[in-house]
Protein chains: 2
Amino acid sequence: MRWGLRMVQHRVSAKDVANLAGVSRSAVSRTFGGGQVSETIRARVIAAADQLGYRPNAIARSLIGGKTDLIAVIIAENDSIHNRLLIEKLIAAITHLGKRALVIPATADSDIDESALYAFDYQVDAIVVVGGTVSPRIIDQIRRVGVPLFLYERATGGGTECITCDNVQGGRLAARFLIRCGRKRIAYLTKPRKTFSNIQRREGLLAELDDVGMTLHAEAHGVQSFTGGYQAAIELMSGAPPPDAIFCFNDEMALGALQAATEMKLAVPDDVALIGFDDIPMAGWPMFGLTTISNPIDPAVDILVGRITARLADPAATVEAHLITPSLVVRRTTP
Amino acid sequence: MRWGLRMVQHRVSAKDVANLAGVSRSAVSRTFGGGQVSETIRARVIAAADQLGYRPNAIARSLIGGKTDLIAVIIAENDSIHNRLLIEKLIAAITHLGKRALVIPATADSDIDESALYAFDYQVDAIVVVGGTVSPRIIDQIRRVGVPLFLYERATGGGTECITCDNVQGGRLAARFLIRCGRKRIAYLTKPRKTFSNIQRREGLLAELDDVGMTLHAEAHGVQSFTGGYQAAIELMSGAPPPDAIFCFNDEMALGALQAATEMKLAVPDDVALIGFDDIPMAGWPMFGLTTISNPIDPAVDILVGRITARLADPAATVEAHLITPSLVVRRTTP
DNA sequence: CTGAAAGCGCTTACAG
DNA sequence: CTGAAAGCGCTTACAG
């Protein structure tokens, strides 16, 4: 027979184990499902299972139990080191919880809904969307079947649980510090897309300037990356007069701005001060010493898994909104 | 009723759709499963499904079909930017294939087996392990049920499909270039763990030195990170005499070494040349200009998904070993 | 404590 | 083309 060489055994099922052990399928199910079984039978089942290499089919089991122990992680924004780090820790935490992470990248905005539907198809127990949001129609559909939904770094009107950095406060912290340093021409360097965090950080910056009767000196946009920050900074610093301080949307862009300043022979922080956002590990590297607004990951992940656990345990648990508190980390790109 | 407020609707099943449309469950199954249905019935089913928000239960479906469209991605090593990038692209490619990625981080070596078993429980169609390997016992168990297994950046004796950079060749490329530059005291800066890639890169380095009658000048170990590279470089450069070239296990460690050289007032590349490995984006940043061995991600991911597709289409497909060709990228940390 | 039976939501031969 | 029935691998009342 042609296929004789790679004959694939059928997966072993509870029935096989039951037959070998000389017990009923129920007995097998009970020894693995934590039911009531006598020690004698349990031992026989375990022995047979070991011999056969049996493991309960989680898929079949979930069909009955109503839960899959699957948690969907929909990645709407992975273009920042900070979000990547959060996702990594989140997946680790989910795994540590004894659940499995079904990871679905959604490049475009429209894909987020599609990803949520995929998650839905696999009967996931909960869905977390990182850096994006789901359309109201889908939110409604998800809620109707009682699947908890979590939004990280994106707030919605209401009804959906969200965990986000207090970006407004972060923008204020940056502005306040630059103002206190005596800077007069404060600029905002950011990405073109008006995402939730972008709007909020800008809002905080403007509000704090307004509080002391100042206005934004300039604003420039670039791709959300080192290169984008570099180019936008060149644009900003070519202005007449150039800014004496730049608050950047995130650390990668700030690092690009730092490079631009170096190339334009501008002293940092004397000629121009730089503040980033997130406090990624690289910000602390000695050659950079980037002053930044810390956007701590661990508390966010802790809240996320804590709330997943809570909502899973009690479907009637109230939906909450959580704000992560940012803080200023002063290094060498500010006076 | 207390629970009246948050009454959760039952998920809608094919039966509900069938009832509303006035057809059999089979008809519903056929319209969604690509079977033979008349246009009249198909239209009625679609209408009913839309109204009810019905989506076939992928879990239940897989119980029959024998495939889940789930691909497990077991992450055994995520402590390098390069592997993180590869994992990200791999997950995207799997999703693009119409499959779902079940991502399981395995921090310790022993956890890899456990993770494979979890994957097994969820009846995944294929398993890929990034930067680690599975014990022979589990490999055997996986093979017996015909689940394709792929190992990235880790080779095994035989029988298992592996995709890996030609690390020996990479080590040789680095050594050859440094020798050609006239360097006489070439050191290896690496992590303590003798992982597959570590052993192979070192082997290539030594082989190339041996070819011209040279030996390794020194070797130092540090944690696999910027800081680890920094510290190991300090150790190396405090030697008498210090090396005039250092080949580093990867780019992050090389960047740490670059920082160490700067602090020790050693000119790069005049006093000491530096070569990294992987060619992560940061290596090309203007302030670093790190010479490195490119370990391209895209070909690796392409091969990976191509082979997943092939093995899934034909369970009898032969198992292959794939070598990704590295190349030298000369920037400013070498003459 | 134990087993036979029903059922989770689906698909797929089997008759018609 | 269509529907009733069997079955995927499991769990969970139901009797004994």
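Residues numbered from 1 in each chain as written. Chains lettered and ligands numbered in written order. Predicted model: local features only at pLDDT ≥ 70, side-chain atom pairs only at ≥ 80, totals over all residues.

### Section: the interface of chain A and chain B
Listed per partner, the contact involves 44 residues of chain A and 44 residues of chain B. Of all the secondary-structure elements, those providing two or more residues to the side of chain A that touches chain B are α4 (58-65), α5 (81-96), β2 (100-105), α6 (109-121) and α7 (136-144) of chain A. The biggest single contributor to the side of chain A that touches chain B is β2(A), with 6 residues. Its residues assigned to classes, the side of chain A that touches chain B shows 25 nonpolar, 11 polar and 8 charged. (Contact = placed C-beta atoms within 7 Å. Helix = DSSP H or I, 4+ residues; strand = E, 2+ residues; numbered from the N terminus. Nonpolar A, V, L, I, M, F, W, Y, C, P; charged D, E, K, R; others polar.)

### Description of the protein's contact with DNA strand D
Residues in contact with DNA strand D amount to 27 residues; listed here are only the nearest, A:Ser13, A:Ala14, A:Ser29, B:Ser24 and B:Ser38. Going through the elements one at a time, α2 (25-33) and α4 of chain A together with α2 (25-33), α3 (39-52) and α4 (58-65) of chain B are the ones with two or more residues in the surface near DNA strand D. Per-element tally for the surface near DNA strand D: the top contributor is α2(A), with 6 residues. (Near = placed C-beta within 6 Å.)

### Structural notes on the nonpolar core
Of all hydrophobic cores here, the largest spans 98 residues; its most connected members are A:Val73, A:Ile74, B:Val73 and B:Ile74. Setting aside residues no more than four positions away along its own chain, A:Ile74 makes contact with A:Ile104, A:Ala106, A:Ile112, A:Ser115, A:Ala116, A:Ala119, A:Ile127, A:Val129 and A:Val130. (Core = buried A, V, L, I, M, F, W, Y, C linked by C-beta atoms within 7 Å. Buried ≥ 20, exposed ≤ 12 C-beta atoms within 10 Å, placed from the backbone.)

### A closer look at the sheet that holds strand β12 (residues 327-329) of chain A
Residues and elements named next belong to chain A. With respect to topology, 6 strands assemble into an open sheet ordered β7-β6-β8-β9-β10-β12, the strand pairing being mixed. A single partner strand is all that each edge strand has here, and the edge strands are β7 (218-221) and β12. Strand-to-strand twist of the sheet, defined as the mean angle between neighbouring strand axes without regard to direction, takes the value 25°. The pairing of strand β9 (residues 273-278) with strand β10 (residues 292-294) spans 3 bridges and is classified as parallel. (Pairing = 2+ DSSP bridges. Axes fitted to C-alpha atoms, helices over the stretch in contact; angles between N-to-C directions.)

### Focus: the relation of the copies chain A and chain B
Copies of the same chain, two in number, are related to each other by a rotation about an axis and a translation along it. Overlay of chain A on chain B (RMSD 0.0 Å): rotation 180°, translation along the axis 0.0 Å. The transformation just described matches what one would write down for a two-fold rotation axis. No C-alpha of chain A lies nearer the rotation axis than that of A:Leu102, which sits 2.4 Å from it. Residue by residue, 100% of the interface of chain A is reproduced at the interface of chain B, so both copies engage with the same surface. (Least-squares fit on C-alpha atoms with pLDDT ≥ 70 in both.)

### A few points about the domain arrangement of chain A
Where interface size is quoted, it is often the accessible area lost as the parts come together. Under the domain assignment used here, chain A contains domain 1 (2-56), domain 2 (67-166 + 297-324) and domain 3 (167-295). On a C-alpha basis, the centroid separation for the pair domain 1 of chain A and domain 2 of chain A is 36 Å. (Domains from an automatic or database assignment.)

### Some remarks on the protein's contact with DNA strand C
In the vicinity of DNA strand C there are 27 residues, among which A:Ser24, A:Ser38, B:Ser13, B:Ala14 and B:Ser29 approach most closely. Residue assignment for the surface near DNA strand C shows that the elements contributing at least two residues are α2, α3 (39-52) and α4 of chain A together with α2 and α4 of chain B. When residues in the surface near DNA strand C are grouped by element, the largest group, 6 residues, is from α2(B). For the surface near DNA strand C, the residue count by class is 12 nonpolar, 11 polar and 4 charged.

### Re helix α1 (residues 14-21) of chain A
Residues and elements named next belong to chain A. Residues of α1 that are buried: Ala14, Val17, Ala18 and Ala21. Buried residues of α1, viewed axially, fall in a sector of 100°; they line one side. Each element contacted by the buried residues of α1 is listed here: α2 and α3. Downstream of α1 by a residue or two, Gly22 has a phi angle that is positive, lying close to 70°. (Arc of directions from axis to C-beta.)

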